[in-house]
Every structure is written in structure tokens, then in C-alpha cells.
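# Topology and contacts: notes
This is what each chain is made of:
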Amino acid sequence: MSQQPLSTTNLPSAINTETALTTSSVTTPTWVSGLRGEYYDNADFTNLKLTRTDTRMDLIWYNGSPDPKIAPDTFSVRWTGQIQPLYSEEYTFLTIADGGARLWINNQLIINDWQDTNQIRKTSSNRIALQAGQRYDIRLEYMEVSGNAMMRFGWLSARQQQGIVAASQLFSNPPDSTPTPDPTPTPTPTPTPTTFNGNAAANIINGDANNNILRGFAGNDTLRGLEGDDVLIGGTGNDLLDGGSGNDTASYADATNSVRVDFTQGIANRIARIMPLGDSITYGLSADNDPTVPYWGGYRYHLWNQFQTNNLQIDFVGSQSHGAVELGDKDHEGHSGKTISWINDRVSTFFNPAQPDIVLLMIGSNDTGTSDSPATIAARLGTLIDNILRTSPDVTVLVSSIPPARPEARGGEARIQKINDYNNLIPSIVNARANPRVKFVDMRGKLDINDITAPPADDALHPNFEGYRKISSEWYTALSRNFATSQGTFSVDQDTLVSVENVIGSRFDDMLIADASNNRLTGGDGRDHLTGGAGNDTFVYFKPSEGGDTITDFSFGDSFEISAAGFGNGLVSGVSLLSTPSSSGVFVNGSLPISAHVTFLYENGVLRFDPDGIGSQAAVVIASLNNSPLTLSSQQIRIV
């Protein structure tokens, strides 16, 4: 699948800065699970009253205190120890506190929310690179001045689900133990890499027993996760994604267009991106350059209609946008009056943002109006094709001959002959590339002078309605001959899926169809069409803007997973929604909120998110459930 450089979108991530940490060189002979907590009866870490080991950093005291020795207000706590991640990747640390909170990892201050506003606040750190199995020194501080008291400490990464840090990953000395350095620190072993990357060639990439991220990049790759819970990212090309054992995910988070993923068929396709590239004939110049004229847009108008008639979904791409009102996708790269060399100088400018799969290249008409010979013009065409392939190695270039000119055209019969000679050289230019991704589309003899607009309406070079229709027909025939179709698009980028349980969609409008197992479906941005199939499926949302989806078969065993960090407004990870007013979230089977707190509303098959309940902010649709269950349960909406 065509993708941009890996992002952490929907893997999940809510951070944008990376900090590299070294591992601690001090170890101790005695460890217990949890963090060593020092409790002070003042807000400034004076008057120590209690030292103990806290095994779960999910501490809610409400209006009380941690211990009878400590007054309910104006106290502080300092936790110390070490933390050990499960995965070698970038982590975000989280504090949810009613009071002030500060966090250091290896003596680096990464959270500094040192104030008590009598409100629950969630604070996220910047991104931190950690190594699996290695321990890092940690210091967490909390200050309570008045009101309720709460301190919760969590983390998340690409594979570490957001939640409270488990006691098994926290280590400290018991209160009666004094840390003692080892006489000779043991060198830290280099961990086995958990990310395996391919390159532009066709690769076979195998994971290991750990949880891996496998990326194919370009080429037709085979990715095998083997053991562990793996994330498979094929990149461009027709890839085989085999998760193996474990609970594995196919990610299209960085795909450049909508994807159609179907676990029941074991395939995934991305909507084909087609770039019409050329001069004013690609632009669609005609005697009536008016959006109200049905055929304005030239062959693109007719070709779009052919796609619609045959139920094919494609995406025209390019920096230009022109055409009739009826032309559904007006994007193109047709530049009136420009030559081959002008286009060649701008290939990277056109191709890098558009990332086309297929190019419809018709160029050279303006070159035939110069003093250059047909051989010189043809050589420039070859240079342009080579430049396109260097810039976009996975693109397929369909190169056509150019339309004829009428005798009234500037240059007269000499120009007509030059056009003929140039067209006759194009097949040899294509064949010289010896590249299966370069194809010749022969339109010689398909149009005659009756298909070219006559003066004074035109300069005797541009096709009329019938001429553009004929060009469209030849393009469509070439596309159908060179590309199979699957899932309603040309199969330019199709993956085969084996033993994959979960899917992450793109930022566009996707169709994701799961199977009979317990699947996780993350549509991401866009208005997605999701089918869980049988099994207890989870529909994942990281922020409200990912809503607007349609779920075809939401059932009793299915659930929504909502990110507290992304939705905010007081939602607390691990805290269930209540049917009564609650600052940590309310669920209502109905259309009207019952309080001024963050609320999820379900009625008539539509789940909505209201950030402030009866407040002024409007509710947004998260998902429409086609089967319209009569009610939902708050347990079907999990806050993580």
C-alpha cells in the first residue's frame, strides 16, 4: 500500500517530541514490585510521616488522606524507584491528578504540572525512547493543598495500551532497604530489535518471538510476524502480510488514499490514484471553457463518467483542478502551452505530493510548434519518462501518441507531418525503457481532423467533444487491459492478509470488514464503513474527529474503546461511565444529557459525544449503527 514515512497515528500516539534516555547504571540487591512512597504532612516535602511501597499507582483519596497520620489537606508524596518497559519504542507518560504533579525519568523532568487548582487535570509527557527489559530511574511527586486528592500514573506506546503502569513494571527498595551499587556494574546488553524494515526491493521480512513492527516500504514484500503481537505495514506494492501466531494488526495509518480491507476475503486494496499529465489537451481546453458546459475538462470528463458507469472508484490527482460541474474529481496536471522540458523540470514538484499509481501521459503538441526535430522531441520524452520513474519507482506510466492537427494550425502541413513523425517514434522510446511499468497507448488513426476543433473557435489543435470522447475511450481500454480490478478499483496496490486479527485504517474514507474472530477495528480519520463480523469486536476511537463512521453490525458482545487522552473533558482512563452525574463521564440511553459533565448519548442507532453535557458545546456523532440496537450498556463504552 502506498504510504508516507511511518507516523504513530492511531498506533496510538499523542506526542510530537522525542527524548532519548540512557539506562540506569545503579542496581540494588533487593527489589520489590511498586514504588517507594514517602508521605509528608506538608505540601513542601517537610515533616515526613510515613514510608511505604505502593504497588498500584492509582490512588484516589477523595476528601480524605493517605493515612491517619496525615491531615486531609496540605500533604505531599514522593515516589521513587525504577520502571521497566515491555517494548523498545517511544512512550508517553501520563499523570491524572487532583493536585500538583511532577515526573522525572533518569533525572529528566518530563512532566511539570505543579499547581493545585481543585480540578482533575491530565498531563502528558513528550515522547521518550525506551528499551524493552531495561530499567530507568523514576521520581514522581504529588502535592495536595485543598479539596479532593487523587494521583494516577499511566503510560502508552505503539503496543503498550494506555493505562495505569502495572506493578510488575515498577521496582523499588522496600522502606528498610538502602540502595547499594554493584561493585562492578553489568554492561547493558543490546536488545534484539523489535522493528524490521525493508527497502525499495522485494523483501522477505520475518519477525521473532517478540512483539514486532514490520515495514516493507516499496516492492512486493512478504512480511511474517511469526510469534508475538505484531504490526504489519506493507508499504507500496502488492504485499503478503502474515501475522503468524499472536494478535496481529495490519496498519494502513499512513496510506495515501482510502483502503478497502476485507478479512473474509483476505485482501486489502487502496483506491487507485491516477494523474492525468500533459498540456492543454489534458487540461481539457475547448471552445467553451465554462464549468456549465458538460464536457469541459476534455477527456477527463468522459473518463470519469466511464469509471462511474462501471462502478470503479479512482482518485484523480494533481496540483490543478478544473472541469465541468458534472466532473466529480477535477484534479489533474495539465498545463496549457507547456512543453516536455517544462514538465520534466517540475516532476518532483508534481509527483512527491500527489504520489500517483498510474500516469496518463499525453505530451508533445507544443513541442511540435518549435523548430526542434521529431527525434529531439522524442528524446526529451524519454528523459521525462526516466525522471518520472526515478521520482516514483512504483508508478505505471501509460504513454500515448498525441492528437492530429488540422491544416489551419500554425505550421500547416509541416506541423502535421512533424506530429506524425513524432508519434511514430514514441513506441521505440517506450520500448527502449525495457520497463514493464511503461506502456504505449496507440491513438494513431483513432482521431482525424473532424475530431479537432476548427478555427476561429480554436487554433486547430484541440479536440472537440467527440475527439475527447475518443481519447477517453482509448485511455479506459488501456487501463482495463493493464490492470485487474478488485473491490471496486484498479488493483494497483493489493495486499494479501493471513492470520491478521486487527486493522488500522487510513485518514480517508475506508471500508474495513473483519471476520468471525474478536477483532479490533480502528477507522482513523475519515467517514469509515466498518463491519465487525461475528465475534466480540472492538471499535477504537482516539479523538472525536475520527467519528462520523457507519458500523453495520454492532452486537451485544461488541464495544467501543475511547481514548481518555484524545477525548479529554474529564474522562479518566479505566474509570467507567456512570448513568448518574459524574465528572469522569456519563452515559445516557437517550438524546438529552443529564448534567454539565462529559457525556455519551445513544438513541435510535446513533452514538454521540457531548463534551460538556448540558453546556453550550454541541454533541458530535461517533458512529451510526445500522442495526440500531434498542439500547447500549455503559460497559460497551470503555475509557482507556
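Residues numbered from 1 in each chain as written. Predicted model: local features only at pLDDT ≥ 70, side-chain atom pairs only at ≥ 80, totals over all residues. Heavy atoms only, no water.

Under an unreviewed UniProt entry, the name given to the protein is G-D-S-L family lipolytic protein, and the organism recorded is Leptolyngbya boryana NIES-2135.

We now examine the overall build of the protein. Tallying secondary structure elements over the protein gives eight helices and 46 strands in all. A burial count over the protein gives 54% of its 640 residues as buried. In the protein, the share of contacts with a sequence separation of at least 24, taken over all contacts with a separation of at least 6, comes to 60%. (Helix = DSSP H or I, 4+ residues; strand = E, 2+ residues; numbered from the N terminus. Buried < 20%, exposed > 50% of the residue type's maximum accessible area, 1.4 Å probe, protein only. Contact = heavy atoms within 4.5 Å.)

Let us now look at the sheet that holds strand β37 (residues 520–522). Taken in spatial order, the nine strands line up as β16-β18-β20-β22-β35-β37-β39-β41-β46 in an open sheet, and their pairing is parallel. The sheet is open, and its two edges are formed by β16 (195–197) and β46 (637–639), each paired on a single side. Averaged over all adjacent pairs, the angle separating strand axes in this sheet is 20°, with direction ignored. (Pairing = 2+ DSSP bridges. Axes fitted to C-alpha atoms, helices over the stretch in contact; angles between N-to-C directions.)

Here F567 shows up in helix α8 (residues 564–567). A relative accessible area of 3% means that F567 is categorised as buried. C-alpha of F567 to C-alpha of V598: the two residues are 31 residues apart in sequence and 9.4 Å apart in space. Not counting residues up to four positions away in its chain, the partners in contact with F567 are Y541, F542, K543, P544, I562, F600, F609 and I622.

A word on helix α7 (residues 465–482). Counted at 1.5 Å a residue, the expected span for α7 with its 18 residues is 26 Å, and the 26 Å between its end C-alpha atoms agrees. Those residues of α7 that sit buried are G467, Y468, I471, S472, E474, W475, Y476, A478 and L479. (Expected span 1.5 Å × (residues − 1).)

Moving on, we come to the nonpolar core. By size, the foremost hydrophobic cluster in this structure holds 61 residues, and its most contacted members are F307, L361, L381, W475 and F490. Discounting residues that sit within four places of it in the chain, F490 has contacts with R270, A272, I274, F307, L312, I314, L479, S480, F483, A484 and T485. Core analysis: the next-biggest nonpolar cluster, separate from the first, contains 42 residues, V261, V503, I551 and A623 among them. (Core = buried A, V, L, I, M, F, W, Y, C linked by side-chain atoms within 4.5 Å.)

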